[in-house]
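Residue strings, one per chain:
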Amino acid sequence: MLRPSLRKNSQLRPVSLETGVNKWAEGSCLIKVGGTHVLCNASVDLNQPVWKRMQNKTGGWVTAEYAMLPRANGTRKGREAILKDNRSAEISRLIGRSLRSVVDMEALGKHTITIDCDVIQADGGTRCASITGAFVALSLAVRWLMNQGRIHTNPILDNVAAVSAGVWKNELILDLDYEEDCVAEMDANFVVAGSGKFVEIQATGEQHPFDATQLSELMMLADAGCKQLIDLQNQVLE
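Residues numbered from 1 in each chain as written. Predicted model: local features only at pLDDT ≥ 70, side-chain atom pairs only at ≥ 80, totals over all residues. Heavy atoms only, no water.

1. Here's the deal with the overall build of the chain
Using the following cut-off: Labels follow the DSSP assignment, with helices taken as runs of H or I lasting at least four residues and strands as runs of E lasting at least two, numbered in each case from the N terminus. When we talk radius of gyration, it's over C-alpha atoms, and the globule rule is simply 2.2 Å times the number of residues to the 0.38. Throughout this description, buried means an accessible area under 20% of the type-specific maximum (1.4 Å probe, protein chains only), exposed means over 50%, and partly exposed covers the range between. Only the protein chains shown count as cover for residues, with accessible areas throughout obtained via the Shrake-Rupley method and a probe of 1.4 Å. When charges are counted, Lys and Arg are positive and Asp and Glu negative, with His and the chain ends excluded. Where a charge lies is defined by one atom per residue type, namely NZ (Lys), CZ (Arg), CG (Asp) and CD (Glu).
Within the chain one finds 6 helices and 9 strands. The C-alpha atoms of the chain give a radius of gyration of 18 Å, which matches the 18 Å a tight globule of 238 residues would have. Projected onto its principal axes, the C-alpha positions of the chain cover 55 × 40 × 35 Å. A buried classification covers 48% of the 238 residues belonging to the chain. Within the structure as shown, the chain displays about 11,600 Å² of accessible surface, and the carbon and sulfur contribution to it stands at 50%. Charge separation in the chain, taken as the distance between the mean sites of 25 positive and 28 negative side-chain charges, equals 7 Å.

Next up, the structure:
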């Protein structure tokens, strides 16, 4: 069965990663995955977060904040509602966990890197696009720290990227856009490191329970998709 976008079941949407899009941020990346566009800005604080200082902890920290801009969707969402959005808070934590999984906090030194992921336009898979673009912004911010002589060892241990996969009209498909996502029988998000190991899996049987075989097949789809995304990350970071 043909997908609305005429893609093959295992095919990603067109993906682009543009760096240096913010003159002030220590690292920045505009990621476009089909109709989903996310601006990722990494800001370096030359201090540990307050909680680490209060607990006399060593090493640095990486965190993230995610939000959809008011007209990212078909209907405008007010800025006050954005600030109270529990979904955004949950996705912010997911992005932060994903990035920290591939960073050596001791090697980062007493620095804090915050990545702001602002969705300019949403068409499905915004959290996955945010993680993939945020890694590029983080890498550039780390490069800035090294160029400044603040750290001498690269604390990034591996790449990390994310992609969605799911069951749509009884077929397993990769990288769901909104038209597919809103009617999918199963929807899952996979965060995968460059090593091929999985960092996090979020899966929901939207219409009925799913079995281990379906999940395993979706994991293979996601692994192949994330390999392509990581290749793109490495190309823009060369």
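2. Considerations on the layout of surface pockets
In plain terms, the rule: Lining residues are defined by having an atom within 4 Å of a point belonging to a cavity or pocket. Those points lie on a 1 Å grid over the protein atoms alone, cavities being sets where a 1.4 Å probe fits but cannot get out and pockets being open sets with protein on both sides within 12 Å along at least five of seven lines. Grid points are joined across faces, edges and corners, and a volume is the space filled by probe spheres set on the points. Under the grouping applied here, Gly and all other residues not named as nonpolar or charged are polar, the nonpolar ones being Ala, Val, Leu, Ile, Met, Phe, Trp, Tyr, Cys and Pro and the charged ones Asp, Glu, Lys and Arg.
Computed from the structure, the largest pocket encloses a volume of approximately 430 Å³. Of all the elements in the fold, those that place two or more residues in the lining of the largest pocket are helix 4 (126-147), helix 5 (178-181), strand 8 (186-193) and strand 9 (198-205). The greatest single-element share of the lining of the largest pocket, amounting to 3 residues, is contributed by strand 9. By residue class, the composition of the lining of the largest pocket is 8 nonpolar, 9 polar and 8 charged.

3. With respect to the sheet that holds strand 6 (residues 160-168)
Quick reminder of the rule: Strands are labelled as partners when DSSP assigns at least two bridges between them. Interaxial angle, 0 to 180 degrees, is taken between N-to-C directions of lines fitted to C-alpha atoms, where a helix line uses only the stretch in contact.
Read across the sheet, 4 strands follow the order 7-6-8-9 without closing on themselves; strand pairing throughout is antiparallel. Among the strands making up the open sheet, the edge pair consists of strand 7 (171-174) and strand 9. With strand direction ignored, the average angle separating the axes of adjacent strands in the sheet is 15 degrees. Where strand 8 and strand 9 come together, 7 bridges link them in antiparallel fashion. Counterpart to Phe 190 in the pairing with strand 9 is Ile 201.

4. Some thoughts on unusual backbone geometry
Its identity is not glycine, yet Lys 169 carries a phi of approximately 50 degrees, on the positive side. Along the chain, Lys 169 turns up in the loop between strand 6 and strand 7. We note that Asn 170 has phi near 70 degrees; this positive angle belongs to a residue other than glycine.

5. So, the packing of aromatic side chains
We apply this condition: Pairing of aromatic rings covers Phe, Tyr and Trp, the last counted by its six-membered ring, and requires centre-to-centre distances within 6.5 Å; plane angles under 30 degrees mean stacked, over 60 mean edge-to-face, and any other angle means tilted.
Scanning the model with the defined rule gives 2 aromatic pairs in all. Ring centres 5.0 Å apart and planes at 90 degrees place the aromatic pair Trp 51 and Trp 61 in the edge-to-face group. With Trp 51 in helix 1 (residues 50-54) and Trp 61 in strand 4 (residues 61-68), this pair connects stretches of sequence that are 10 residues apart. Classification of Trp 51 by relative accessible area gives partly exposed; the value is 34%. For Trp 61, a relative accessible area of 22% gives the class partly exposed. On the basis of an interplanar angle of 70 degrees and a centroid distance of 6.1 Å, the ring pair of Phe 190 and Phe 198 is categorised as edge-to-face. Accessibility expressed as a relative area gives 0% for Phe 190, which makes it buried.

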